[in-house]
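# Coordinate analysis (summary)
One letter stands for each residue in the lines below.
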Amino acid sequence: MTQFQFGLEGKHILVIGGGQGMGEATVRLLSEQGCNVAIVDLDRQRAQTVASAVQGKGIRAYPLACDVTDEAALVEAIARIEREFAPLDGMATIVGMAGWARVVEMTTEVWDKDHNRNLRYFFVAAREVGRSLLKRGASGSIVAVASVDGIRSAPNHAAYGAAKAGLISLAKTMAAEWGDNGIRVNVVAPGGIVTPRLPLTDPAAERESMALLPMRKRGTVEDIAKAIVFFLSDMSPYVTGQTLAVDGGYSLAPSSTKTCGPPLYEFSWPWLYSFCLLIPVILASDTRPSPCSD
Ligand SMILES: NC(=O)c1ccc[n+]([C@@H]2O[C@H](COP(=O)([O-])OP(=O)(O)OC[C@H]3O[C@@H](n4cnc5c(N)ncnc54)[C@H](O)[C@@H]3O)[C@@H](O)[C@H]2O)c1
């Protein structure tokens, strides 16, 4: 039987925001596949802790502190990683956050901040890694973490939703420009995920708030890591420019089960029956002249 091959053994992947949550889960999963990992995070301690946790397993890990919203610092961090660690085979960009404000109350400061920490840094990082891959004539895979807010509407965080939608568009453009060079670019769009920043505190209240979600629960950081690793690996060799929602069905229309009103058949038959009875009346009342008559 054919064995599934991730093809990540001995590769070098950069995880931006690898210090906790989805980023940490991605680093752990990559290292389990024998992949060497560079970890960039604002929090130096977090990056070092995650690197130490995976390093003893026959792989190398390279932690580096950097604020990715600072373009010069980010460009230098990627150059340093490629100099001191290894030329990169791929990257996952996981940093992202939302400022909360209704559109009418939103300032351009909030707008710019959300665009910097979600979209702009992805552009800079992917441009740098893309340039390096192109220069070396190497193939590679880049994965960005967006959000279902970039696919649906995003009430109360319009700047974040617009930045994530921009990220989805930018990934498609990069995929189109670099496809011929064997560089794939894809996006993972999480729905509600339990993370260190958004922990599960009250399971009962949580179940209630999830009533309209088809899968009735929030996802885990491992759910996201698996999707990221799928795109980074040889499991998706012919996939590029795609966005995969990992959201328990949130991006679908509301579920058609009991929480969303009575099933259609309960009220549709009487209406259909009444309508059929009315058809002769409707036809008889059509007094318009026939188009064939004089
Ligand atoms: N949690 C959810 O339910 C959810 C839903 C949809 C999308 N997302 C997206 O998933 C991604 C991860 O979200 P999260 O809540 O797990 O993240 P998080 O808050 O756990 O942050 C991940 C890491 O990024 C680092 N970081 C933050 N700002 C940084 C900066 N300026 N420079 C470098 N590193 C920085 C943090 O130190 C942290 O270790 C984001 O892109 C977010 O938009 C999350």
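Before going into details, it helps to say that this report is about the structure given with it. Treat the numbers as computed from the prediction; the structure is a model and nothing was measured. (Residues numbered from 1 in each chain as written. Predicted model: local features only at pLDDT ≥ 70, side-chain atom pairs only at ≥ 80, totals over all residues.)

## Some words on the overall build of the protein chain
Put simply, the test is: Helical segments are the DSSP runs of H or I of at least four residues, strand segments are the runs of E of at least two, and each set is numbered from the N terminus. Residues with at least 20 neighbouring C-beta atoms inside 10 Å of their own are called buried, those with 12 or fewer are called exposed, and the rest are partly exposed, where every C-beta is derived from the backbone. We call two residues in contact when the distance between their C-beta atoms, placed using the backbone, is within 7 Å.
In terms of regular secondary structure, the protein chain is built from eight helices and seven strands. Taking all 294 residues of the protein chain together, the buried fraction comes to 39%. A fraction of 73% describes how many contacts in the protein chain between residues 6 or more apart in sequence connect residues 24 or more apart.

## Examining the sheet that holds strand 5 (residues 140-145)
Across a sheet, strands are paired by hydrogen bonds formed along the backbone, either parallel or antiparallel in direction. Let me state the cut-off plainly: Each pair of strands is called paired provided DSSP finds at least two bridges between the two strands. All axes here are fitted lines through C-alpha atoms, helices being fitted over the stretch that makes contact, and every angle between N-to-C directions spans 0 to 180 degrees.
Reading across from one edge, 3-2-1-4-5-6-7 is the order of the seven strands in this open sheet, with parallel pairing throughout. Looking at the sheet topology across the chains shown, the edges are occupied by strand 3 (61-65) and strand 7 (243-246). Each neighbouring strand pair of the sheet contributes to a mean axis angle of 15°, computed without reference to strand direction. Against the sheet, helix 5 (residues 158-178) makes contact with strand 5, strand 6 (183-190) and strand 7, and its axis sits at roughly 160° relative to strand 6, the strand it touches most.

## Concerning helix 4 (residues 108-136)
Put simply, the rule reads: The length a helix should cover is 1.5 Å for every residue beyond the first. The angle between axes fitted to the seven-residue stretch ending at a residue and the seven-residue stretch beginning at it gives the bend at that residue.
Over its 29 residues, helix 4 extends 39 Å from the first C-alpha to the last, a length consistent with the 42 Å expected when each residue adds 1.5 Å. The largest bend in helix 4 amounts to roughly 50° and is located at Asn116. Among all positions in helix 4, only Asp114, Arg117, Asn118, Leu119, Tyr121, Phe122, Val124, Ala125, Ala126, Glu128, Val129 and Leu133 are buried. Once helix 4 ends, the next one or two residues include Gly137, with phi positive near 65°.

## As for the nonpolar core
We count it as follows: Each nonpolar core reported here comprises buried Ala, Val, Leu, Ile, Met, Phe, Trp, Tyr and Cys residues connected via C-beta atoms within 7 Å.
In this structure, Ile39 and Ala125 are the most contacted members of the largest nonpolar core, which totals 74 residues. Discounting residues that sit within four places of it in the chain, Ile39 has contacts with Val15, Gly18, Gly19, Val27, Ala47, Val50, Ala51, Ala61, Tyr62, Pro63 and Leu64.

## Notes on the site of the ligand
Rules: Defining nearness, a residue is near a molecule or strand when the C-beta atom obtained from its backbone falls within 6 Å of it. Side-chain classes are defined by residue name, with Ala, Val, Leu, Ile, Met, Phe, Trp, Tyr, Cys and Pro counting as nonpolar, Asp, Glu, Lys and Arg as charged, and the others, Gly among them, as polar.
Lining the immediate surroundings of the ligand are 27 residues, of which Gly17, Gly19, Gly21, Gly96 and Ser147 lie closest. Element by element, the count of residues in the shell around the ligand is highest for helix 1 (residues 21-32), at three residues. In terms of residue class, the shell around the ligand is made up of eleven nonpolar, ten polar and six charged.

## Focus: the environment of Met210
Considering the arrangement of structural elements, one finds Met210 in the loop between helix 6 (203-209) and helix 7 (221-232). Look at Met210 and you get partly exposed, because 17 C-beta atoms sit within 10 Å. Separated by 18 residues in the primary sequence, Met210 and Gly192 have C-alpha atoms spaced 9.5 Å apart. Contacts of Met210, omitting those with residues within four sequence positions, involve Arg216 and Lys217.

## Focus: unusual backbone geometry
The phi torsion at Asn156 lies on the positive side, around 75°, for a residue other than glycine. Mapped onto the fold, Asn156 is located in the loop between strand 5 and helix 5. Look at Arg216: it is not a glycine, yet its phi comes out positive at around 60°. For Arg216, the position within the fold is in the loop between helix 6 and helix 7. A tally of 15 C-beta atoms within 10 Å means that Arg216 is categorised as partly exposed.

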